[in-house]
Amino acid sequence: MMFLNFRRVRKCQRVQLMTTCLLLSVMMVCWEQLDNSVVNHVKSYSFRYLINRFSYINKSLTIPRNQARIFSNFHYLMDHPDKCIGKDVLLLLFVKTSPENIERRKAIRSTWGNETYIQNTLGVTVKVVFALGAVHIKKTEPLWSKRSGVGFQDQLAQEDRLHGDLIQQDFLDSFHNLTLKLILQFHWMHSHCAHARFLMTADDDIFVHMPNLVSYLQDVSSRGVKDFWIGRVHRGAPPIRSKESKYYVSFEMYPWVAYPDYTAGAAYVVSSDVANKIYHATLTLNASIYIDDVFMGICANAVGVSPQEHVYFSGEGKAPYHPCIYEKMMTSHGHIEDIYDVWKAATHPQVKHGTSGLIGKLYCAAVKMTLLCKPYHFNTYPCKAAFS
Ligand SMILES: *[C@@H]1O[C@H](CO)[C@@H](O)[C@H](O)[C@H]1NC(C)=O
Ligand SMILES: *[C@@H]1O[C@H](CO)[C@@H](O)[C@H](O)[C@H]1NC(C)=O
Ligand SMILES: *[C@@H]1O[C@H](CO)[C@@H](O)[C@H](O)[C@H]1NC(C)=O
Ligand SMILES: *[C@@H]1O[C@H](CO)[C@@H](O)[C@H](O)[C@H]1NC(C)=O
């Protein structure tokens with residue numbers, strides 16, 4: 001009896017043990033998932049205050065000026081130092097582009113980035129320039145020969161002769177050199193366009209509702225706002241430690257659990273006083289962290305500037321196509337082929353017709369709520385945009 005019982009107990013325990021083990025391993029697997037997303041975010045968000053409030057990031061990333069210079073000391077392959085001279089520039093708009101994105105630049109020039117249109121229709125001077133690095137030289141790819149190396153650089157020079165809007169420095173144009181492109185923009189503005197009232201930096205697959213943006217910036221400017229930095233804000237974002245990710249950042253590069261608050265690199269605007277402060281921050285900071293918008297956050301943190309959210313600046317998201325959205329939108333991400341259509345639709349004089357007056361406003365409130373407040377629908381403007 002005893003023996004049997006004992007064996008029963010043993011068996012029971014074994015089952016229990018095995019179940020526990022199974023449960024534990026399931027939990028561990030899930031936990032890792034949880035840990036990577038939820039816990040990391042909760043942890044980083046709770047450290048956000050410390051990160052934004054104190055200056056230890058600034059202290060630890062400050063390096064001697066002569067060493068910081070290596071991040072900005074690139075030779076200009078193409079430049080237009082006279083762009084802004086003698087003009088009352090409301091906005092200097094840098095589009096971050098890559099040499100091969102010829103079609104995207106073409107689309108921007110003939111839609112929202114058309115300086116002549118902006119001057120004639122909106123009555124202000126906006127300077128749109130493209131920031132790019134040097135062309136990859138692919139010696140081993142004969143098929144690419146036309147587009148690689150020297151030949152392709154010639155093609156770019158020809159594009160530039162036609163449009164006069166490429167600002168190119170001699171660093172390799174690559175994802176991991178985006179911070180160098182950011183530094184280029186602030187240094188160029190400091191040297192050649194310091195009197196522009198605002199600086200904007202945008203991806204080359206962004207759509208900018210230029211009329212809305214211009215009237216918004218005119219308003220901000222007339223109120224004499226300082227320390228202005230606006231876009232889609234990432235608050236307390238954690239560094240990604242998974243090596244497979246494009247955004248992987250090592251502990252050596254950035255040891256803390258959260259980044260300072262920053263705006264999504266897709267498109268954001270700063271006032272000229274902020275641009276000047278950021279320029280000065282880049283003179284003493286270690287810019288080896290290659291995520292450019294994060295580095296912008298680090299610079300801003302060092303000079304005591306924090307970003308503000310604008311619900312109609314998109315991060316990764318694409319705006320829904322609708323006149324009620326066009327009435328308010330500032331930027332929308334991920335537009336390549338459709339950019340001509342969106343521009344035409346968004347700036348059509350008829351757009352304002354259906355959306356004005358009491359009926360129009362009620363109609364648009366309902367439409368925006370349906371478009372933006374769907375549950376599990378994050379990839380666009382936030383729900384609160386429907387009520388602004
Ligand atoms: C820019 O706009 C002007 C005036 O509206 C127009 O004449 C010109 O063709 C446009 N440029 C491009 C590249 O589309
Ligand atoms: C960045 O540019 C520099 C200068 O051209 C180059 O040496 C380096 O390999 C580039 N880095 C990356 C990650 O592409
Ligand atoms: C900048 O940071 C990198 C790590 O991200 C480090 O390897 C490098 O030594 C630092 N540069 C200076 C000048 O301290
Ligand atoms: C960041 O460091 C620089 C140089 O060490 C210092 O002048 C500046 O005041 C610091 N900023 C903050 C916000 O502590």
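Note on numbering: residues in each chain are counted from 1, in written sequence order. To read the labels, note that chains go from A and ligands from 1, taken in the order they are written. A pLDDT threshold of at least 70 governs which residues receive local features in this predicted model, and a stricter bar of 80 or more applies before side-chain atom pairs are shown or counted, although totals over entire chains, interfaces and linings include all residues. With hydrogens and water excluded, all non-hydrogen atoms of the structure serve as input to the side-chain values.

Peer 1: Please set out the environment of asparagine 58 residue by residue, giving values where relevant.
Peer 2: Here a helix means four or more residues in a row that DSSP labels H or I, a strand means two or more in a row labelled E, and each is numbered from the N terminus. Its location among the elements puts asparagine 58 in helix α2 (residues 56-61). Taking the C-alpha atoms as reference points, asparagine 58 and valine 303, separated by 245 residues in sequence, lie 8.9 Å from one another. Asparagine 58 has contacts with Leu285 and Ala302, leaving out every residue within four places of it along the chain. Any two residues whose heavy atoms approach within 4.5 Å at even a single point are treated as in contact.

Peer 1: Tell me about the site of ligand 3, residues and numbers included.
Peer 2: We call a residue near a molecule or strand when any one of its heavy atoms sits within 4 Å of it. Taken together, Ile63, Gln67, Glu252, Met253, Asn286 and Ser288 are the residues near ligand 3. We define a polar contact as two N or O atoms separated by no more than 3.5 Å, with the added condition that, inside protein, one atom must be a possible hydrogen donor and the other a possible acceptor, whereas residues neighbouring each other in sequence contribute only through side-chain atom pairs. With respect to ligand 3, the side chain of asparagine 286 contributes an N or O atom lying 2.3 Å from an oxygen atom. The separation between an oxygen atom of ligand 3 and a polar side-chain atom of serine 288 is 3.1 Å. A 1.4 Å probe and the Shrake-Rupley method give the accessible areas. Residues count as covered only by the protein chains that appear here. About the coverage of ligand 3: the protein hides 55% of its 360 Å² of free accessible area. Residues were grouped as follows: Ala, Val, Leu, Ile, Met, Phe, Trp, Tyr, Cys and Pro as nonpolar; Asp, Glu, Lys and Arg as charged; and all remaining residues, including Gly, as polar. A per-class count over the shell around ligand 3 returns two nonpolar, three polar and one charged.

Peer 1: Go over the site of ligand 1, please, and point to the residues and values.
Peer 2: The environment of ligand 1 is made up of Arg109, Ser110, Asn114 and Tyr117. For ligand 1, the protein covers 43% of the area, taking 360 Å² as the surface of the free molecule. When grouped by side-chain class, the residues that make up the shell around ligand 1 number one nonpolar, two polar and one charged.

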